[in-house]
Amino acid sequence: MIPDRVVELLHGPTWIQIGTRDEALRPAHALVVGAMVHDDRRTVTIFVPAARSERLLRNLRENGRVALGLALASHEAYQLKGTYVSSRPTDDAERTRQEARRAALLADALKAGYPPAIARPLVLGLAYTPGVAITFRAEEVFLQTPGPGAGTLLS
Amino acid sequence: MGILPDEIKPAMQGVIPSHVVTCSRDGTPNASAISQVYYVDPDHVALSHQFFNKTKRNIEENPRAAVWVISPETFEAWDLELEFVRSDTSGPIFDVMEMQIEAIASMVGMKGIFKLRAADIFRVIAVTKAVGERIPLAEIPGPR
Amino acid sequence: MTVDPRDPSGLREQIAENQQAIDRLNRDLARKSNEVQIIQQISSEITSTLDLDEVLGIVLRAMDRVLGFAHSMILLKDLADDVLRVAATRGYADQGGGAQVGMGEGVIGVVGERRKMMRIGNIGASMRYLKSVRARMEASGQVGPVGPTAALPGLADAQSQLALPLTVKDRLVGVLAVESRTPNAFDELDEVLLRIVGNQAATAIDNARTYQMVEQLGRLKRFFSPQLAELIIRGGADDPLKTHRREVTVVFLDLRGFTAFAETSEPEELMGVLHEYHAEMGRLILAYEGTLERFTGDGMMIFFNDPLPMPDAAERAVRMAVAMRERAVELASRWHRRGYELDLGIGIAKGFATIGAIGFEGRWDYGAIGTVTNLAARLCGEAKPGQILISPRLLPEVEQFLEVEEAGLLAVKGLARPVKALNIVRLRHPA
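Residues numbered from 1 in each chain as written. Chains lettered and ligands numbered in written order. Predicted model: local features only at pLDDT ≥ 70, side-chain atom pairs only at ≥ 80, totals over all residues.

**Student:** Which residues make up the overall build of chain B, and what values do they have?
**Tutor:** A tally of regular secondary structure across chain B gives two helices and seven strands. Reading the secondary structure of chain B in the N-to-C direction produces β-β-β-β-α-β-β-α-β. The C-alpha radius of gyration computed for chain B amounts to 16 Å, which stays within 12% of the reference 15 Å derived for 144 residues, consistent with globular compactness. Principal axes of the C-alpha set define a box for chain B whose edges measure 45 × 40 × 30 Å. For chain B, buried positions account for 51% of its 144 residues. Look at the contacts in chain B between residues 6 or more apart in sequence, and 71% of them connect residues 24 or more apart. (Helix = DSSP H or I, 4+ residues; strand = E, 2+ residues; numbered from the N terminus. Rg over C-alpha atoms; globule rule 2.2 N^0.38 Å. Buried ≥ 20, exposed ≤ 12 C-beta atoms within 10 Å, placed from the backbone. Contact = placed C-beta atoms within 7 Å.)

See below:
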């Protein structure tokens, strides 16, 4: 259901953010430091720093609505919308994977033209531990790269 | 009044992209990246509107937005809670944003093609430093 | 700012906040008094000179030493075109002099066009963003391949720029720009400081430029008619007094019988006749827009197609000569009644000449040198009273409205073969 390219990006050096809202429709944002697509290619688990998870989880438990925005440094971008399933603390394996992902993110930022003086602190400053793993089911996938076609429903 | 601290200004220069989350009237959030959040005054910011998109559509239904910005100097991040005030298609704020876009567009061969449609002005309801999602700059290993 | 005396920690916090506010105010005050110093320093320096290059140098030096802007430049709006030309730079390996920026091109061009200051600190990030949008638009066929991008003066990898329009009474004099390789290099206070310097600079530059123009106008007016002088100034670019080569049509005329007359007349009478002659001939030169090169009492040399190009130079020369002859005939009959035998002889030739200022400091002439001047002088010398002798080279451009007759062969210094001289009998269709 989730297109190959989006799966690739979710596992790759992407800037990911999660959007939720509360009972009064007030939006909230949190940075996501890693993601994993399940074999059914519909369920996604994302990782956020525990320190940022309180409001996020409160919203998710209240209404379950999730929007996940992801973008490469080259501005290629997508958005997933779906419903919350569950959450739990991250485990060691996941944390190790995030470390590697952070390194890939830095390489990608440098390649895209970010000066090292900015790319390094920006990427290496991403805190991922202790972390929370949040699982949701994706229902819609949109193209979000700026320019023509932005907003197109992909699946 | 005046809730935006001076130290947030570098975060509003568009050096590092920002994020914005909005929500439609039917309760579906929308999360996207934006190239720059513009500082207007200690109580207001502006987003540039070039292509018509879901963010804009949501704002028209539900004026609340959550914006995340990060400083390219201190690498501290802030969460802003915003409320849409109005959309400018002229005036001093629009002019400042339009001039920047014109200058850059002319430098990449897109003179006249890429235009600013509107400057969307938001009131800042709350601003908080995003604690816990970043390792403090001093603790980041390696050369700078 | 209410403080609850029952809450000492709250009180401490309040005091700390107040101290921070005081520190901030002190910093602002220090910077402000620094500003005042800057204004005074720059102000006195730039108003003390009317030399344009000096003014520009002072401003850019102040940019660097006092305000810490390492890379700066001043562009001046061209008088004739809508173009900004680099007039002075500081902090660049290549001086970039003469480089130009069109209105609307890049930060400097947009500032010049909109007449508003602009500060930008994310040039790299913005360009990357727009380039990727562009790529998508190209891929989807919405736009063609990349259009021309202006080659802009300055740092190739600038991340921050701050540019200010220099205006005097709504008129754009130029643009003052600073840039840096660091993102976010400039802030609001830099804007304020730049504005202060810019206002001073705008006036000083405008004054210096006006002075420069007036000086040049004064110089040119010695050689050309006021209208011509002004035309040259407004045209901007080339200084006609700089040596150059051009194909010109040269007219030589002299007053016959003048030498004999001079010997037998009173000085007052002499000057009177000369005055009348010069006035009449001078009026015709102005009417046909010729350039008077030489004035030797009874003789004159006039040429066409310099300093202003004229496609009909030969025609003008010929028509002017014919008009002069007619006028001279009228004058001659009047002088004859008073007992003087004075007649005009004219020679016209066409060819390349080297033209420029000849002479020395304090005594310059606008001179033309070449075989063409020799030929015109020879033709004039050979002309009998009332004759206008022209070289055959002019024929293609003028024969359709002239009636000519052959007037002999002339050996001329500098020419291998003798020249057939032709006398203008009359205009075929009077102008």
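**Student:** Mind laying out the sheet that holds strand S1 (residues 15-21) of chain A, listing which residues take part and the relevant values?
**Tutor:** Strand pairs in the sheet, formed through backbone hydrogen bonds, run parallel or antiparallel to each other. Residue and element names in this part refer to chain A. Read across the open sheet, the seven strands follow the order S2-S1-S5-S6-S7-S4-S3; overall the sheet is antiparallel. The open sheet has two free edges, formed respectively by strand S2 (27-32) and strand S3 (34-37), since each of these has just one partner strand. When strand polarity is set aside, the average angle formed by the axes of neighbouring strands in this sheet is 35°. Two strands pair when backbone bridges link them, and S1 and S2 are joined in this way by six bridges, in the antiparallel orientation. Bridge pairing in S2 links Ile16 to Val32. Along the sheet, helix H2 (residues 53-63) contacts S1, S2, strand S4 (43-49), strand S5 (65-71), strand S6 (77-89) and strand S7 (131-143); its crossing angle with S1, the most-contacted strand, is approximately 55°. (Pairing = 2+ DSSP bridges. Axes fitted to C-alpha atoms, helices over the stretch in contact; angles between N-to-C directions.)

**Student:** Which residues make up the environment of Tyr84 of chain A, and what values do they have?
**Tutor:** All names here are of chain A. In this fold, Tyr84 is placed in strand S6. Placed 50 residues apart in sequence, Tyr84 and Ile134 show a C-alpha to C-alpha distance of 7.8 Å. Ignoring anything within four residues of it in the chain, the contact list for Tyr84 reads Leu60, Gly64, Val66 and Phe136.

**Student:** Account for the sheet that holds strand S1 (residues 71-77) of chain C, naming residues and giving values.
**Tutor:** All names here are of chain C. Judged by pairing direction, the sheet is antiparallel, and its six strands sit side by side in the order S3-S2-S1-S6-S5-S4 without closing on themselves. Because the sheet does not close on itself, it has two edges, and the strands there are strand S3 (100-102) and strand S4 (118-120). Across the sheet, the mean angle from the axis of one strand to that of its neighbour is 25°, orientation sign disregarded. Of the strand pairs in this sheet, S1 and strand S6 (residues 171-180) are connected by six bridges, and their pairing is antiparallel. From the neighbouring strand, Ser72 faces S6, where its bridge partner is Val178. Running over the sheet, helix H3 (residues 106-114) touches S1, strand S2 (83-90), S3, S4, strand S5 (160-168) and S6 and is turned about 30° from S5.

**Student:** Pulling in residues and values, what's your account of the interface of chain B and chain A?
**Tutor:** Listed as interface residues are 33 residues of chain B and, on the opposing side, 37 residues of chain A. Counting residues per element, the side of chain B that touches chain A draws most heavily on strand S2 (residues 29-34) of chain B, at five residues.

**Student:** Tell me about the environment of Met99 of chain B, and name the residues and values.
**Tutor:** Tracing the sequence through the fold places Met99 of chain B in helix H2 (residues 92-107). Exposure remark for Met99 of chain B: the 22 C-beta atoms within 10 Å place this residue in the buried category. Ignoring anything within four residues of it in the chain, the contact list for Met99 of chain B reads Val110, Arg114, Lys116 and Met118 of chain C.

**Student:** Talk me through the nonpolar core; I want residue IDs and the actual numbers.
**Tutor:** Membership of the largest hydrophobic core comes to 140 residues, with the highest contact counts inside it found for Val48 of chain A together with Val59 of chain C. If we ignore the near neighbours within four places in the chain, the residues touching Val59 of chain C are Ile46, Ile74, Val197 and Ala201 of chain C. Counting 53 residues, the second largest nonpolar core, distinct from the first, contains Ala314, Ala376, Leu389 and Leu394 of chain C. (Core = buried A, V, L, I, M, F, W, Y, C linked by C-beta atoms within 7 Å.)

**Student:** An account of the pairing of S7 of chain A is requested, with residue identities and associated values reported.
**Tutor:** Residue and element names in this part refer to chain A. The pairing of S4 with S7 spans seven bridges and is classified as antiparallel. Residue pairing across strands places Ile46 opposite Ile134, the latter belonging to S7. For S6 and S7, the ladder comprises eleven bridges, and the chain directions are antiparallel. Its bridge partner being in S7, Thr83 is matched across the sheet by Arg137.

**Student:** Break down the packing of H2 of chain B against H3 of chain C for me, citing the residues and quoting the values.
**Tutor:** Their axes nearest at 8 Å, the elements H2 of chain B and H3 of chain C cross at an angle of 135°. What the angle tells us is that H2 of chain B and H3 of chain C run oblique. Between H2 of chain B and H3 of chain C lies a crossing whose hand is right-handed. Here Met99, Glu102, Ala103, Ser106 and Met107 of chain B of H2 of chain B come into contact with H3 of chain C, specifically with Gly106, Val107, Gly109, Val110 and Arg114 of chain C. (Parallel < 35°, antiparallel > 145°, perpendicular 65-115°, else oblique. Left-handed = near helix turned anticlockwise from the far one by under 90°.)

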